[in-house]
Amino acid sequence: MEKRSYDIETLPYHCKKIAQQVGIDNLFKVSEAVGGEYLYIPKKSNLLKYFRQGWIREDRAAGMTLEQIAEKHDISVDTVRRTLRR
């Protein structure tokens, strides 16, 4: 079976942006996984918030103070408290 070539420039704008970053093969994988559904991809800073919640819990379990955690993650002590209450 012959390998086809794909011209990314023929894709719609939003698909082209994804293909330029992750490659056409990975775009096909995403399409197979969620094709036809609405897909919202948050900004990187918002994605990192989800990971930061786990990092904050790990830091607290390791014995860090609220102030140390806040400084490490460049957030307020109140934000650390709110995260640990969830």
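What you are looking at is a predicted structure, and each value in this text was computed from that prediction instead of being measured.

Here is what the cut-offs are and how they apply
Residues numbered from 1 in each chain as written. Predicted model: local features only at pLDDT ≥ 70, side-chain atom pairs only at ≥ 80, totals over all residues. Heavy atoms only, no water. 1 Å grid on protein atoms, 1.4 Å probe; cavity = no way out; pocket = protein on both sides within 12 Å on 5 of 7 lines; lining within 4 Å. Points joined across faces, edges and corners; volume = space filled by probe spheres on them. Helix = DSSP H or I, 4+ residues; strand = E, 2+ residues; numbered from the N terminus. Nonpolar A, V, L, I, M, F, W, Y, C, P; charged D, E, K, R; others polar. Axes fitted to C-alpha atoms, helices over the stretch in contact; angles between N-to-C directions. Parallel < 35°, antiparallel > 145°, perpendicular 65-115°, else oblique. Left-handed = near helix turned anticlockwise from the far one by under 90°. Contact = heavy atoms within 4.5 Å. Salt bridge = Lys/Arg side-chain N within 4 Å of Asp/Glu carboxyl O. Buried < 20%, exposed > 50% of the residue type's maximum accessible area, 1.4 Å probe, protein only.

### Comments concerning the layout of surface pockets
- Here the largest pocket defines a volume of roughly 360 Å³.
- In terms of lining, the largest pocket is formed by 16 residues, of which the most central are His14, Cys15, Ile18, Leu27 and Leu39.
- In terms of residue count, helix α2 (residues 24–34) provides more of the lining of the largest pocket than any other element does, 5 residues in total.
- Grouping the constituent residues of the lining of the largest pocket by class yields 11 nonpolar, 4 polar and 1 charged.

### Some details on the packing of helix α1 (residues 13–22) against α2
- One can describe the packing of α1 onto α2 by two numbers: an axis separation of 7 Å at closest approach and a directional angle of 125°. With respect to α2, the element α1 is oriented oblique. For the element pair α1 and α2, the recorded crossing hand is right-handed. Residue-level inspection shows Cys15, Ile18, Ala19 and Val22 of α1 in contact with α2, the latter providing Ile24, Asn26 and Leu27.

### What to know about the pattern of salt bridges
- Counted according to the given criterion, the structure contains 3 salt bridges.
- Of the charged contacts in the structure, one is a salt bridge between Glu9 and Lys16, with a shortest N-O distance of 3.4 Å.
- Residue Glu9 is classed as exposed on the basis of its relative accessible area, which comes to 51%.
- A residue is classified by how much of its surface remains accessible, and Lys16, at 17% relative accessible area, is buried.
- Its salt-bridge partner being Asp59, residue Lys72 comes within 3.0 Å of it at the nearest N-O pair. With Lys72 in helix α4 (residues 66–73) and Asp59 in helix α3 (residues 44–61), this pair connects stretches of sequence that are 13 residues apart.
- Given a relative accessible area of 51%, Lys72 falls into the exposed group.

Don't take any of this as a statement about function, it's just geometry.
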